[in-house]
Amino acid sequence: MDSMLKKYYYSELCEMNTPAVYSDEANKASYKKEKLYKELRKNLSEEDLALLEEYIEKDGIIDSEDEYHAFCCGIRTAIRFVADAFMSI
């Protein structure tokens, strides 16, 4: 079941894999993020910048796992709901 969900989630059938149209807020955040990164590069040593990038990468991994777990829990809940609805008919 887990591998089937992963295959679906990463396939072209999943809406998540279609190109996203970002909001104005997201576009502004992206611009600001790039601007802040340039400032960090100017003001941090290479060592400190590498530590910060590693921290951000690890934080992203944890966030991704949390989102995947939430997705799987949502799918399981939906399947249980549909199964219970059909069982009560």
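Thresholds applied
Residues numbered from 1 in each chain as written. Predicted model: local features only at pLDDT ≥ 70, side-chain atom pairs only at ≥ 80, totals over all residues. Heavy atoms only, no water. Salt bridge = Lys/Arg side-chain N within 4 Å of Asp/Glu carboxyl O. Helix = DSSP H or I, 4+ residues; strand = E, 2+ residues; numbered from the N terminus. Buried < 20%, exposed > 50% of the residue type's maximum accessible area, 1.4 Å probe, protein only. Patch = residues over 30% accessible without salt bridge, like charges linked within 9 Å, V, L, I, M, F, W, Y side chains within 5 Å. Areas by Shrake-Rupley, 256 points an atom, 1.4 Å probe, with all protein chains shown as cover. Lys, Arg positive; Asp, Glu negative; His and termini not counted. Charge placed at Lys NZ, Arg CZ, Asp CG, Glu CD. Axes fitted to C-alpha atoms, helices over the stretch in contact; angles between N-to-C directions. Left-handed = near helix turned anticlockwise from the far one by under 90°. Contact = heavy atoms within 4.5 Å. Nonpolar A, V, L, I, M, F, W, Y, C, P; charged D, E, K, R; others polar. pLDDT = per-residue confidence, 0-100. Disulfide = S-S within 2.5 Å.

Enquirer: Looking at this structure, I do not really get the pattern of salt bridges. What am I missing?
Expert: Between side chains of opposite charge, a pair can form as their charged atoms come close. For the structure on display, the rule yields one salt bridge. Note that E39 is salt-bridged to K42, the shortest N-O span being 3.1 Å. Of the two residues, E39 and K42 both sit in helix α2 (residues 24-43), three residues apart, roughly one turn of that helix. By relative accessible area, which is 37% here, E39 ends up partly exposed.

Enquirer: How should a negative patch on the surface be read in this particular structure?
Expert: A grouping of D59, D63, E65, D66 and E67 is seen on the molecular surface, where their side chains present a negatively charged patch. Assignment of secondary structure puts E65 in helix α3 (residues 46-87). Residue E65 is classed as exposed on the basis of its relative accessible area, which comes to 55%.

Enquirer: Can you help me understand the packing of α2 against α3 in this one?
Expert: Between two packed helices, the angle of one axis relative to the other and the distance separating the axes together describe the packing. As a packed pair, α2 and α3 sit with axes 8 Å apart at the nearest point and diverge in direction by 145°. Between α2 and α3 the crossing geometry is right-handed. Between α2 and α3, the residues in contact are Y37, L40 and R41 and L49, L52 and E53, respectively. The residue inventory of the contact of α2 with α3, partitioned by class, reads four nonpolar, no polar and two charged.

Enquirer: Can you help me understand the confidence of the model for the chain in this one?
Expert: Predicted coordinates in areas of low pLDDT are best not read in detail. Per-residue confidence for the chain gives a mean pLDDT of 87, with 92% of residues at or over 70. Across the chain, α2 holds the top mean pLDDT of 95, while helix α1 (residues 2-9) sits lowest at 73.

Enquirer: How do you make sense of the state of the cysteines when you look at a structure like this?
Expert: Disulfides are covalent bonds that connect the sulfur atoms of two cysteines. One pass over the full model with this rule turns up zero disulfides. Free of any disulfide, C72 has its nearest neighbouring cysteine sulfur in C73, separated by 7.1 Å. A relative accessible area of 3% means that C72 is categorised as buried. Using a relative accessible area of 29% as the deciding quantity, one classes C73 as partly exposed.

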